[in-house]
Amino acid sequence: MKKVLTYGTFDLLHYGHINLLQRAKAMGDYLVVGLSTDEFNSLKGKKCYFTYEKRKKMLEALRCVDLVIPENSWEQKVEDVKEFRIDIFVMGDDWEGKFDFLKDYCDVVYLSRTPEISTTQIKKDIADKKD
Ligand code: C2G
């Protein structure tokens, strides 16, 4: 069984996230998603609309997602790759090169981001409509 791992905040889940998750799953048989906790998002400078539990529930409802684990720190990836016997680590190419250190443990693939959609843009568009 080929196991794939990716990480993210996945707030205001949108089709850009879904495109990434579906392509990641298509690279193997089992997809593990490291979901940034609310505390880790504060470290990342992100303020989420949905709590970790709500974001986790939405991801777990996706057919392409097999397991959601908490992402508490930048440093946990090597341990996660070992613990879950990951074959392929996948991220959007806005992270191109940032996780190449994982090549010592698994394949590392950066997939193209879906253009013109982001959680930040969604929030901005909603705020603009309010005025
Ligand atoms: N993504 C995408 N296309 C978009 C928006 C996002 O392909 N239009 C991808 C990102 O490249 C990332 C994933 O969807 O691979 C999740 O995006 P975020 O929730 O913004 O994750 P991020 O804040 O980048 O956290 O340790 C890694 C971090 O936790 C990644």
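See above for the structure.
Parameters and conventions
- Residues numbered from 1 in each chain as written.
- Predicted model: local features only at pLDDT ≥ 70, side-chain atom pairs only at ≥ 80, totals over all residues.
- Heavy atoms only, no water.
- Helix = DSSP H or I, 4+ residues; strand = E, 2+ residues; numbered from the N terminus.
- Rg over C-alpha atoms; globule rule 2.2 N^0.38 Å.
- Phe/Tyr/Trp six-rings, centres within 6.5 Å; stacked < 30°, edge-to-face > 60°.
- Buried < 20%, exposed > 50% of the residue type's maximum accessible area, 1.4 Å probe, protein only.
- Salt bridge = Lys/Arg side-chain N within 4 Å of Asp/Glu carboxyl O.
- Near = heavy atom within 4 Å.
- Polar contact = N/O pair within 3.5 Å; in protein donor to acceptor, adjacent residues only side chain to side chain.
- Areas by Shrake-Rupley, 256 points an atom, 1.4 Å probe, with all protein chains shown as cover.
- 1 Å grid on protein atoms, 1.4 Å probe; cavity = no way out; pocket = protein on both sides within 12 Å on 5 of 7 lines; lining within 4 Å.
- Sits in = over half its atoms within 2 Å of the grid points.
- Points joined across faces, edges and corners; volume = space filled by probe spheres on them.
- Nonpolar A, V, L, I, M, F, W, Y, C, P; charged D, E, K, R; others polar.
- Contact = heavy atoms within 4.5 Å.

Participant: Requested: an account of the overall build of the chain, with residues and values cited.
Facilitator: Helix and strand counts for the chain stand at five helices and five strands. In sequence order, the chain lays out its α and β elements as β-α-β-α-α-β-α-β-β-α. Computed over C-alpha atoms, the radius of gyration of the chain comes to 15 Å, within 12% of the 14 Å expected from 2.2 N^0.38 for 131 residues, which places it in the range of a compact globule. Seen through its principal axes, the chain has C-alpha atoms that stretch 50 × 30 × 25 Å.

Participant: Can you lay out the packing of aromatic side chains for me, pointing to particular residues and giving the numbers?
Facilitator: For any pair of aromatic rings, the description consists of the separation of the ring centres together with the inter-plane angle of the planes. Scanning the entire structure with this criterion turns up seven aromatic pairs. Considering the side-chain rings of tyrosine 7 and phenylalanine 89, the 6.0 Å spacing of their centres and the 40° angle between planes classify their relative orientation as tilted. In this pair, tyrosine 7 sits in strand β1 (residues 3-8) while phenylalanine 89 sits in strand β4 (residues 88-92), placing the two residues 82 residues apart along the sequence. On the accessibility criterion, tyrosine 7 (5% relative accessible area) is buried. Judged by its relative accessible area of 0%, phenylalanine 89 is buried.

Participant: Provide a residue-level description of the pattern of salt bridges, including the pertinent values.
Facilitator: One pass over the full model with this rule turns up eight salt bridges. For aspartate 66, the salt bridge is made with lysine 25, and the minimal N-O distance between the two is 2.9 Å. Of this pair, aspartate 66 sits in the loop between α3 (52-60) and β3 (67-71) while lysine 25 sits in helix α1 (residues 15-26), placing them 41 residues apart in sequence.

Participant: Describe the site of the ligand, listing the residues and the values that go with them.
Facilitator: Near the ligand lie 21 residues; those nearest to it are Lys46, Glu71, Lys77, Asp94 and Ile117. Take glycine 92: an N or O atom from its main chain is 2.9 Å from an oxygen atom of the ligand. With the chains in place, 96% of the 640 Å² that the ligand exposes on its own is no longer accessible. The cavity that encloses the ligand is the largest pocket. Among the secondary structure elements, those contributing two or more residues to the shell around the ligand are β1, α1 and β4.

Participant: Hey, could you go over the layout of surface pockets for me, with residue numbers and the actual values?
Facilitator: Size it by volume and the largest pocket reaches roughly 640 Å³. Looking at the largest pocket, it is lined by 31 residues, and the ones nearest its centre are Thr9, His17, Lys46, Asp94 and Arg113. Counting only elements with at least two residues in the lining of the largest pocket, the list comes to β1, α1, β4 and α5 (119-130). Examining the composition of the lining of the largest pocket, we find that four residues originate from one element, α1, more than from any other. Here the residues of the lining of the largest pocket are counted per class, giving nine nonpolar, 13 polar and nine charged.

Participant: Give a description of the environment of asparagine 41 that names residues and reports values.
Facilitator: Within the element layout of this structure, asparagine 41 appears in helix α2 (residues 38-44). Here asparagine 41 falls in the buried class, since its relative accessible area comes to 1%. As a C-alpha pair, asparagine 41 and phenylalanine 89 span 48 residues in sequence and 21 Å in three-dimensional space. Excluding residues that lie within four positions of it along the chain, asparagine 41 makes contacts with Thr9, Ser36, Lys46, Cys48 and Arg55. Within the local environment of asparagine 41, its side chain forms a polar contact with the side chain of threonine 9, the two groups lying 2.9 Å apart.

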